[in-house]
Amino acid sequence: MKRFVYADNAATTKISDSVFQSMVPFLTEQYGNASSLYSLARESRRAVEAAREKVAKTLGAESREIYFTSCGTESDNWALKGTALAMGAKGKKHIVTTAFEHHAILHTCQALEKQGFEVTYLPVEPNGILSLDKLRAAIRPDTALVSVMYANNEIGTIQPIPEIGAICKEKGVLFHTDAVQAVGSLHINVKEQNIDMLSLSAHKLHGPKGVGALYLRKGIRIPNLIDGGAQEMGKRAGTENNAYIVGLGTAIEEATALIEEKTPKLIAMRDRLIENLLKIPHTRLNGDPVKRLPGNVNISFEGIEGESLLLMLDMQGICASSGSACTSGSLDPSHVLLAIGLPHEVAHGSLRLSLSDMNTEEDVDYILQVLPPIVERLRSMSPLWERIRQQG
Amino acid sequence: MMYSEKVMDHFANPRNVGELPDANGVGEVGNPKCGDIMRMYLKIEDNRIADVKFKTFGCGAAIATSSMATELVKGKSLEEALKLTNAAVVEALEGLPPVKIHCSVLAEQAIKAAISDYYTRLGIDPLPIVGEIRDCHEEEGCGIGH
């Protein structure tokens, strides 16, 4: 029987009921401007600060180190452009990042290159993990910042963040991590892991779209990205988005509290999908089998193209994504899949299924029932598949 | 990106998909690097396309344009089939998103490539009749209509 399966939680997630309920008062009666003086406003202020406390607690940070932003992308832009400006003035105009970062980092780096900064894009290993030796070798006396994502959004690989933090600390270089995919799925402690700056977003953890945060370790002074009023301790102007900030607070608290309970369930579902999908011939798992997010499956089916696969899955009620060129909006397939060494034609046939704690074993059953015949059907009409089969 | 109902219909229920064992003209364009390959099989009798089948590796638009192109040339004379343009394929599909126009070009070229093959098999130089086949080349990337 046909069912609806949402398996694109790395793209965005459904708002949980409790998150939604926590937001409602601030979209209705509790509309006071958090920066105003009267009692209506004081309640907004209290709620915003309670949310800040929740975010700080999740990260092992202090409240005054958390700044609310409009999204993960804004946090990334602020961290990178702000650091570049501050450190560039001291003659440090080199940034180290990886080739498989999210575009929020890559395109920000490209913008900085146009302004005279030099960026090293480190390659990643075939399993989708950054080599610490390569990182160490890339850091120079004029390096201002290292930015490495906590977990990759496409192939789910978890980077050796504490080790990277330690190297940066030893070398005296600032360390930023885009943790948009990791927060709420993995335990993060910015102090123990030597993280100086961290970007996060609410909508990846059953929170609303349009709100994120930047953790900025106290003592680090970077210029503002958004200038205006004195909100966010004078660091990020714009009237506080009370309802969404409250939603972020509720979502991050819930997601983090559930880590122990949901992780084994997610890993079981993930690994059952991977194990069974790999039984299809000429299929490969992209990214490390163990060091990956609990809900991430990324598989390439040789001989077929990702967009047609997604369209057929959608007809069966399954939402997923792909790294094919046709879905990336460019002529090239996903830069992440190319960075781990996949040939173009194998990258075109990739499928990402990303699960959340709202998925069930029945969803997995359904995917495993529907997906193999679709692969079979597309291969039966593919001249590329014919070639692959002839080559053995 | 939105596909028209017609595109979705031809994608979900492609017409003339498969192979023709007794084809006397077979043409293939595209390459795996670009993410689309189209192969057309023609059975030509008395200067007419008596039967046509296709196999395609590619996105939804690649499959839909292949399917539509086969429908548009089936039963036609070679002269008529050679007049098939990508614009006609797009129109018959009630439009394509701009980034997918190159799929319709590939479909048009795949038909021409199969007709070329037919003439070549007969010992006739196809170039003056069919013209140059515009194909993607791996080294140069996708040049067609992108």
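**Q** Would you mind going over the pairing of strand β6 (residues 174-178) of chain A in detail, with residue names and values included?
**A** All names here are of chain A. The element β6 is largely enclosed, with a buried count of five among its five residues. Burial along β6 is two-sided: the residues Leu174, His176 and Asp178 and Phe175 and Thr177 are all buried. Relative to β6, strand β5 (residues 143-147) is paired through three bridges, and the arrangement is parallel. Residue pairing for β6: Val146 is matched across the bridge by Phe175. Read from β5 through helix α6 (residues 161-171) to β6, the crossover connection turns out right-handed. Bridge count between β6 and strand β7 (residues 197-201): three bridges; the pairing is parallel.

**Q** How would you summarise unusual backbone geometry if you had to cite specific residues and measurements?
**A** Of note, His282(A) is a non-glycine position whose phi angle comes to about 55°, a positive value. Relative to the helices and strands, His282(A) is located in the loop between α8 (259-277) and β9 (283-285). Note on His282(A): relative accessible area 29%, which makes it partly exposed. Residue Asn16(B) is not a glycine yet carries a positive backbone phi of 60°. For Asn16(B), the position within the fold is in the loop between α1 (5-12) and β1 (25-31). The exposure class of Asn16(B) is buried, given its relative accessible area of 15%.

**Q** Any details on the packing of aromatic side chains? Residues and values, ideally.
**A** All names here are of chain A. Under the criterion given, the structure shown has two aromatic pairs over all chains. Ring plane angle 75° and centroid distance 5.6 Å describe the contact between Tyr67 and Trp78, whose orientation is recorded as edge-to-face. Of the two residues, Tyr67 sits in strand β2 (residues 66-69) while Trp78 sits in helix α3 (residues 72-88), which places them 11 residues apart along the sequence. Across from the ring centre of Phe117, 5.1 Å away, lies the NZ or CZ of Lys93, which sits over that ring.

**Q** Describe the confidence of the model for chain B, naming the residues involved and giving the relevant values.
**A** Residue and element names in this part refer to chain B. Per-residue confidence for chain B averages 92 on the pLDDT scale, and 92% of its residues sit at or above 70. For residues 138-146, every residue scores under 50 in pLDDT, and the model assigns this stretch 17 contacts once sequence neighbours within four places are set aside. Two summary scores accompany this predicted model of the complex, namely pTM at 0.94 and ipTM at 0.93.

**Q** I'd love a proper account of empty space enclosed by the protein, names of residues and values included.
**A** Within this structure, the stated rule accounts for two cavities of 30 Å³ or more. There is about 280 Å³ of room inside the largest cavity. Around the largest cavity, the lining comprises 22 residues; the ones closest to its centre are Asn9(A), Ser185(A), Lys204(A), Leu355(A) and Ser356(A). A class-by-class count of the residues in the lining of the largest cavity yields nine nonpolar, 10 polar and three charged. Size it by volume and the second largest cavity reaches roughly 30 Å³. Every residue lining the second largest cavity is listed: Ile304(A), Glu305(A), Ser308(A), Leu378(A), Ser382(A), Thr56(B), Phe57(B), Gly58(B) and Ile63(B). Considering only residue class, the lining of the second largest cavity consists of four nonpolar, four polar and one charged.

**Q** Account for the layout of surface pockets, naming residues and giving values.
**A** All names here are of chain A. Its volume calculated, the largest pocket comes out at about 730 Å³. His102, His103, Asn153, Glu154 and Arg352 are the residues nearest the centre of the largest pocket, which is lined by 40 residues in total. Listing elements by their share of the lining of the largest pocket, those giving two or more residues are α3, α4 (103-114), α10 (325-328), α11 (335-339) and β12 (350-354). Looking at the lining of the largest pocket element by element, the count peaks at five residues for α11. When grouped by side-chain class, the residues that make up the lining of the largest pocket number 12 nonpolar, 21 polar and seven charged.

**Q** So what's going on with the interface of chain B and chain A? Which residues, and what values?
**A** Taken residue by residue, the interface counts 26 residues in chain B and 22 residues in chain A. Summed over both sides, the interface between chain B and chain A buries roughly 2000 Å², with carbon and sulfur atoms accounting for 65% of that surface. Connecting chain B to chain A are four salt bridges. Lys55(B) is paired through a salt bridge with Glu386(A); the nearest N and O atoms lie 2.7 Å apart. Where chain B meets chain A, there are 12 residue pairs in polar contact (both at pLDDT 80 or more). By residue class, the composition of the side of chain B that touches chain A is 15 nonpolar, five polar and six charged.

**Q** Could you give me a rundown of the packing of α8(A) against helix α13 (residues 361-380) of chain A, with the residues and numbers involved?
**A** All names here are of chain A. Where α8 meets α13, the axes come as close as 10 Å, and the angle between the chain directions of the two elements is 15°. As the angle between them shows, α8 and α13 are arranged roughly parallel. By crossing handedness, the relation of α8 to α13 is classed as right-handed. Judged by residue contacts, Ala268, Met269, Arg272, Leu273, Asn276 and Leu277 of α8 engage Glu361, Val364, Asp365, Ile367, Leu368 and Leu371 from α13. Each residue belonging to the contact of α8 with α13 can be placed in one class, and the counts come to eight nonpolar, one polar and three charged.

**Q** Before we move on, can you summarise the pattern of salt bridges with the specific residues and values?
**A** The tally for this structure, following the rule as stated, stands at 32 salt bridges over all chains. Across the pair Arg270(A) and Asp271(A) runs a salt bridge whose closest N-O atoms are separated by 2.9 Å. The class for Arg270(A) is buried, based on a relative accessible area of 3%. According to the relative accessible area criterion, Asp271(A) is partly exposed, its value standing at 31%. Within the structure, one salt-bridge network assembled from shared partners comprises Glu386(A), Arg387(A), Glu19(B), Glu28(B), Arg39(B) and Lys55(B).

**Q** Describe in detail the sheet that holds β5(A), supporting the description with residues and values.
**A** Residues and elements named next belong to chain A. One open sheet holds the seven strands; their spatial order is β2-β8-β7-β6-β5-β3-β4, and the pairing between them is mixed. Where the open sheet ends on each side, the last strands, each with one partner, are β2 and β4 (118-122). Strand-to-strand, the axes of this sheet are offset by a mean angle of 20°, without reference to chain direction. Of the strands in this sheet, β3 (94-98), β4, β5 and β6 are in contact with α4, which crosses β4 at around 150°.

Quick notes on the rules
Residues numbered from 1 in each chain as written. Chains lettered and ligands numbered in written order. Predicted model: local features only at pLDDT ≥ 70, side-chain atom pairs only at ≥ 80, totals over all residues. Heavy atoms only, no water. Buried < 20%, exposed > 50% of the residue type's maximum accessible area, 1.4 Å probe, protein only. Helix = DSSP H or I, 4+ residues; strand = E, 2+ residues; numbered from the N terminus. Pairing = 2+ DSSP bridges. Right-handed = clockwise from strand over helix to strand, strands pointing away. Phe/Tyr/Trp six-rings, centres within 6.5 Å; stacked < 30°, edge-to-face > 60°. Lys NZ or Arg CZ within 6 Å of the ring centre and 35° of its normal. pLDDT = per-residue confidence, 0-100. Contact = heavy atoms within 4.5 Å. 1 Å grid on protein atoms, 1.4 Å probe; cavity = no way out; pocket = protein on both sides within 12 Å on 5 of 7 lines; lining within 4 Å. Points joined across faces, edges and corners; volume = space filled by probe spheres on them. Nonpolar A, V, L, I, M, F, W, Y, C, P; charged D, E, K, R; others polar. Buried area = accessible area lost by both parts, 1.4 Å probe. Salt bridge = Lys/Arg side-chain N within 4 Å of Asp/Glu carboxyl O. Polar contact = N/O pair within 3.5 Å; in protein donor to acceptor, adjacent residues only side chain to side chain. Axes fitted to C-alpha atoms, helices over the stretch in contact; angles between N-to-C directions. Parallel < 35°, antiparallel > 145°, perpendicular 65-115°, else oblique. Left-handed = near helix turned anticlockwise from the far one by under 90°.

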